[in-house]
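# Summary of structural features
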Number of protein chains: 2
Amino acid sequence: MSRIGDVVIAQGGGPTAVINASLLGIVREATGKIETRSKIWGARGGILGVLKNQYADLRKPTDELWKRIVESPGAALGSCRKMLSAEEATGAVRTLREKDVRYFFYIGGNDSMDTALKMNRAALDLRYEMVCCGIPKTIDNDLPHTDHCPGFGSAARYIAQSAADLGADVRSLPTPVSILEVMGRDAGWLTAATLLARSHPDDAPHLIYVPELPLASEKFLTDVQKVYDRLGWVVVAVSEGVKDEDGKSWGARRNETIMDGFGHPMTGDVAATLASLVTSKLGLRARSEKPGLLGRSSAVMVSLSDRREAEEVGTFGASWAMQGNTGFMATIERQPGAAYRVTYGTAPLETVANQTRLLPLEYVTENHNDIKEEYRAYAEPLAGGPLEPHARLEDETSDRANFTKEGH
Amino acid sequence: MSRIGDVVIAQGGGPTAVINASLLGIVREATGKIETRSKIWGARGGILGVLKNQYADLRKPTDELWKRIVESPGAALGSCRKMLSAEEATGAVRTLREKDVRYFFYIGGNDSMDTALKMNRAALDLRYEMVCCGIPKTIDNDLPHTDHCPGFGSAARYIAQSAADLGADVRSLPTPVSILEVMGRDAGWLTAATLLARSHPDDAPHLIYVPELPLASEKFLTDVQKVYDRLGWVVVAVSEGVKDEDGKSWGARRNETIMDGFGHPMTGDVAATLASLVTSKLGLRARSEKPGLLGRSSAVMVSLSDRREAEEVGTFGASWAMQGNTGFMATIERQPGAAYRVTYGTAPLETVANQTRLLPLEYVTENHNDIKEEYRAYAEPLAGGPLEPHARLEDETSDRANFTKEGH
C-alpha cells in the first residue's frame, strides 16, 4: 500500500564527495513507497530551505541527471550551518504541516542530527504525525553508534593518496620537510587514514599527529629531527585541530602571536605554523601543503564502497521511515569476519545528536606520533581498498651500482 | 648498426606526474639503438649523481616495473636543484669520459637545460665526443621554443579539476570566499588553466590572477566584493608568484609585515595572506586552499595525452641523439588544424637555457582578473580534454518551486 503525504529531504553541514548518493537513495526508496501524486521535495540550503520555503522538485531529474549528481561533489540541494532553536523547529514543523509533509530526512553530521532531533520533538509536541530520520554524513567520521560515516571513506582515500603522492615527490627531491594539513577539528580519524599511504615502512607520512593528543613544540621538533637524521626527508601529516601542551590550537597559537599588516590576528594555518617552527628552530627548510576543502570534494578520488554505502544507508533509512519509525539515524554495522561486509541499522537521534566519537587512543602509537597498523584493517575497506603503491626504482636496480669501464 | 658507448640519463628540478614517462622513452629508444653490452645508467639525484658517481642500471627493470614507474609521481632516479658551474661541468664530463659514456640526457626545466648546455660545452672544450640532449619537463610550462612542456598538462588537469571540485563545494555551502593557491612563481600558464574548471559562466573560479601582472590590494578587494555581491560566494585562483603594485611578492609582503612568535619572518603563503586581507578589510569570512606539491604529483588526475607526449618526446630526443646530433632540447610542435596533433622537433640548448616563456598577456582579460576563453583551445588538449562538468540540480528542477497543498 502506498503511503500518503509528501517527503522533504535536506542536506546539512559540510558537504562530502558522496552526499548526493544518500540523497538519491532516499529519493528512489520514497518514489517506490509513496503515492505517485505525493511530492518529494528537496529543501534548498539545508533547514534554511524549510524556513524560507525554498524547494526543488526531486521527482524531476532524469536517471541520467541523477547519475551525474551522484558523481558530483558538493551538496546538490545546497547546505547550511544553522543550529536550530526549539522555537524555530516548531515553526518549521508548522510550515511542513501546512503542506502535509509526513517524512522529513536530514542528511548530515552531529549538528544536523540535532536539527533532526529537534524537528522530531517539535512534531511530537504538536501531535503532528511526521517521521524524522537522520542519514549520517561526515568526513570527520565522528558520529557515534555507527561503524563509520558516509563521506569519510572518500576523504580518507583522497588524503591517503595525496600523502603517497607527496611522499613520492618529496623523496625524489628532498624539501626536506613537508607538512600536510588534514581536515578534522576534533577527531583524528581522517588524519590517521594517511597511514594508508604507506606500503614500505619508510614511506610517507613519517609522523602523524591527531587532535586527540596534545602536541608540544619540543616533542614535535625532536620527532622531525630524528626522522630527518635517519632518512634525509620528512613528511608529516597533522590534523588542523591539533593542540599544544596547554590545550591551545596550533592555529590559535599563531593567531595570538602574529598580527597581519593591518593589526588583525591572522587566520591560523596549522601546517604553515608548524613548518615555520621547523625552519626557525631546526634550520631545515620546511613547507606546508593544505588541500583544505579539496579533501572532501574530490569525485575523481572517491571510494566506490563509500559511495555505494552512502546510497544504501539512504535507502535503508527511507525504508525504515516508510515503515512508520521516527526519531532515528540510520547506521552502518560492520559484520564480523575476514571479508568486509556491512548491514544497516538504526540508533535513536537522542544518542547521536551533538555527540562526537573521537579516534580511540588504542590506534595511536606509544610515542604519540604515529598510527598503529591495526588501524589499516578498520580504514582500508572504507577507503575502497588498498592504494596502488608507487614504484621504487631500487626494487630491481642496484642503488650503489658504481660502474667502471672494466665492468662492461 | 648499433652505436657504441654508454648512456647516462638524469632528471633535474621539480618532478612532475609524468617525468618518468620521458625516462622510459629514452631508455626504450636507446635500448634499441646501442650495443647490447653498452650500459644505460640512471644518475641518482640529477647531475649530483654524475658528480658523486651514483647510478642505477636502467636495463634491469622489468616491463611490469617500468609500467608502475611510469604511473608513479616523483622522479624515479631522484632529482636535485643544482646550478652547475663550468668547472663542475668539465669535471663531470671527465668522469663520464673515463667510463666511455657517449650519450648524456637531462630531463628538466630551465635550470636543467643550463646544465645540459654546460655539459655540452665542456665536452666540446675537452674534444670528447659525447652527445648532450635536453628533454623538456616543467609544470610551469615556461620553456621557450616548444608549444608546451610535458608535466604541464597533468598539473593543469589536477588544478582545473580541483577548482571545479572546490567550486561545487563552496557553492553548496557558501564560505563565502575561498582562495586557491596555484604553483608557478614566474609564469601564469598553470594558474590560467583553472579556466578549464568552468562549464557555466558563473562557475568557479570567478577571479584568476597570474604573476605576469601586478595585483594591487584595492583592486583585488573590489574584484572580490563585486563577485560576492553578485553571487554570494567567490572562488579565486591565484598564482603563488603574484606580486603587488610595487612588484613585491604577496608572500614576501607578508614576510615583511609579519613575524612569527620567535621573531623570524613567516613563510609566505599567498592565498592565506589574501584570505586574511579579505576577512579584515571586507568582513567576509575567507579561507585558503593550497594543494602545493600535490599539484604536480597526482597520478590519479594525470592527463593521458601529457603522459603519452612525455614518453614520445623522450623517444624522439633519444632517436635524434643516436643520429649523432648534440646540444639540443627536444620540442613539441603543435600542428595547425581543428584536431589537436603534435610532431616533435629540436631547439638549440643555447636558446632555451635559463629562458622563461611567460603567459602571453593576450590571454588575460582587460580588467586583469580573468583569463579569456581563447586559452581553452590552447590548454584543454594538453590537460587531456574537457573535464566532466559537475551536475547542477537546477538544470532540471525549479529553483523556486514553492509548493502548496493545492499544488498536489
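Note that the structure is predicted; figures quoted are calculated from it, not measured.

About the criteria used
- Starting afresh in each chain, residues are numbered from 1 along the sequence in its written order.
- Written order determines the labels here, with chains lettered from A and ligands numbered from 1.
- Residue-level local features of this predicted model are given only where pLDDT is at least 70; pairs of side-chain atoms are given and counted only at 80 or more, and the full residue set underlies all totals for whole chains, interfaces and linings.
- Based on all heavy atoms of the structure, the side-chain values leave hydrogens and waters out of the count.
- Only a pair of cysteine sulfur atoms within 2.5 Å qualifies as a disulfide here.
- Each residue's exposure class comes from its accessible area (1.4 Å probe, protein chains only) as a fraction of the maximum for that residue type: buried when under 20%, exposed when over 50%, partly exposed otherwise.
- Along the chain, pLDDT gives the predictor's confidence residue by residue, from 0 to 100.
- The contact criterion used is simple: two residues touch if any of their non-hydrogen atoms lie within 4.5 Å.
- Residues enter a nonpolar core if they are buried and are Ala, Val, Leu, Ile, Met, Phe, Trp, Tyr or Cys, with the set joined through side-chain atoms within 4.5 Å.
- What counts as a helix is a DSSP run of H or I of at least four residues, what counts as a strand is a run of E of at least two, and both are numbered from the N terminus.
- Helix span is expected to be 1.5 Å times the residue number reduced by one.
- Directions pointing from the helix axis toward each C-beta atom define the arc.
- In this analysis an axis means a line fitted to C-alpha atoms, helices contributing only their contacting stretch, and an angle means the value between N-to-C directions, from 0 to 180 degrees.
- We call two directions roughly parallel when the angle between them is under 35 degrees, roughly antiparallel when it is over 145, roughly perpendicular when it lies between 65 and 115, and oblique otherwise.
- Each residue gets one of three labels, nonpolar for Ala, Val, Leu, Ile, Met, Phe, Trp, Tyr, Cys and Pro, charged for Asp, Glu, Lys and Arg, and polar for the others, Gly among them.
- Here, strands pair whenever DSSP counts at least two bridges between them.

So, about the state of the cysteines. Applying the stated criterion to the full structure yields zero disulfides over all chains. Free of any disulfide, Cys132(A) has its nearest neighbouring cysteine sulfur in Cys133(A), separated by 8.9 Å. Cysteine Cys80(B) remains unbridged, with the sulfur of Cys132(B) as its closest cysteine sulfur at 15 Å. Exposure remark for Cys80(B): the relative accessible area of 6% places this residue in the buried category.

In this section: the confidence of the model for chain A. All names here are of chain A. Mean pLDDT for chain A: 92, with 92% of residues reaching 70 or above. Counting interchain partners and residues more than four positions distant, the pLDDT-below-50 stretch residues 255-267 has 33 contacts. In this model residues 398-408 is a low-confidence stretch, pLDDT under 50, and it forms 25 contacts with partners more than four residues away in sequence or in other chains.

Judged by nonpolar contacts, the single largest core of 84 residues is most densely connected at Tyr375(A) and Tyr375(B). In contact with Tyr375(A), other than residues within four places in its own chain, are Phe152(A), Trp189(A), Ala192(A), Ala193(A), Leu195(A), Leu359(A) and Tyr363(A).

Quick look at helix α4 (residues 86-98) of chain B now. Note on helix geometry: an α-helix contains 3.6 residues per turn, so any two residues three or four positions apart are oriented the same way. Residue and element names in this part refer to chain B. Compared with an ideal rise of 1.5 Å per residue, which puts 13 residues at 18 Å, α4 spans 19 Å between its outermost C-alpha atoms and is within 8% of the ideal. Those residues of α4 that fall on the buried side of the exposure criterion are Ala89, Ala92, Val93 and Leu96. Along the axis of α4, the buried residues cluster in a sector spanning 100 degrees; they form a single face. Away from the buried face of α4 by more than 90 degrees, exposed residues Glu87 and Glu98 are located. Just downstream of α4 lies Asp100, where phi reads positive at about 65 degrees.

Bringing the packing of helix α8 (residues 217-231) of chain B against helix α10 (residues 270-282) of chain B into the picture now. Residues and elements named next belong to chain B. Relative to each other, α8 and α10 sit at 75 degrees, their axes nearing to 11 Å. On the basis of their axis angle, the class for α8 and α10 is roughly perpendicular. Contacts between α8 and α10 pair Ser217, Phe220, Leu221, Val224 and Gln225 from the former with Leu274, Leu277, Val278, Lys281 and Leu282 from the latter. The class makeup of the residues in the contact of α8 with α10 is seven nonpolar, two polar and one charged.

Residues and elements named next belong to chain A. Read from one edge of the open sheet, seven strands run β3-β2-β1-β4-β5-β10-β11, paired in mixed fashion. In this open sheet, the two edge strands, each paired with only one partner strand, are β3 (55-57) and β11 (342-348). Neighbour-to-neighbour, the strand axes of the sheet open up by a mean angle of 30 degrees, direction not taken into account. With six bridges joining them, strand β4 (residues 101-108) and strand β5 (residues 131-136) adopt parallel strand pairing. Along β5, the bridge assignment pairs Phe105 with Cys133. The strands that helix α1 (residues 19-33) touches are β1 (6-11), β2 (40-43), β4 and β5; relative to β1, the one it contacts most, it runs at about 175 degrees. Strands in contact with helix α11 (residues 304-322) are β1, β4, β5, β10 (328-334) and β11; relative to β10, the strand with the most contacts, it is inclined by about 130 degrees.

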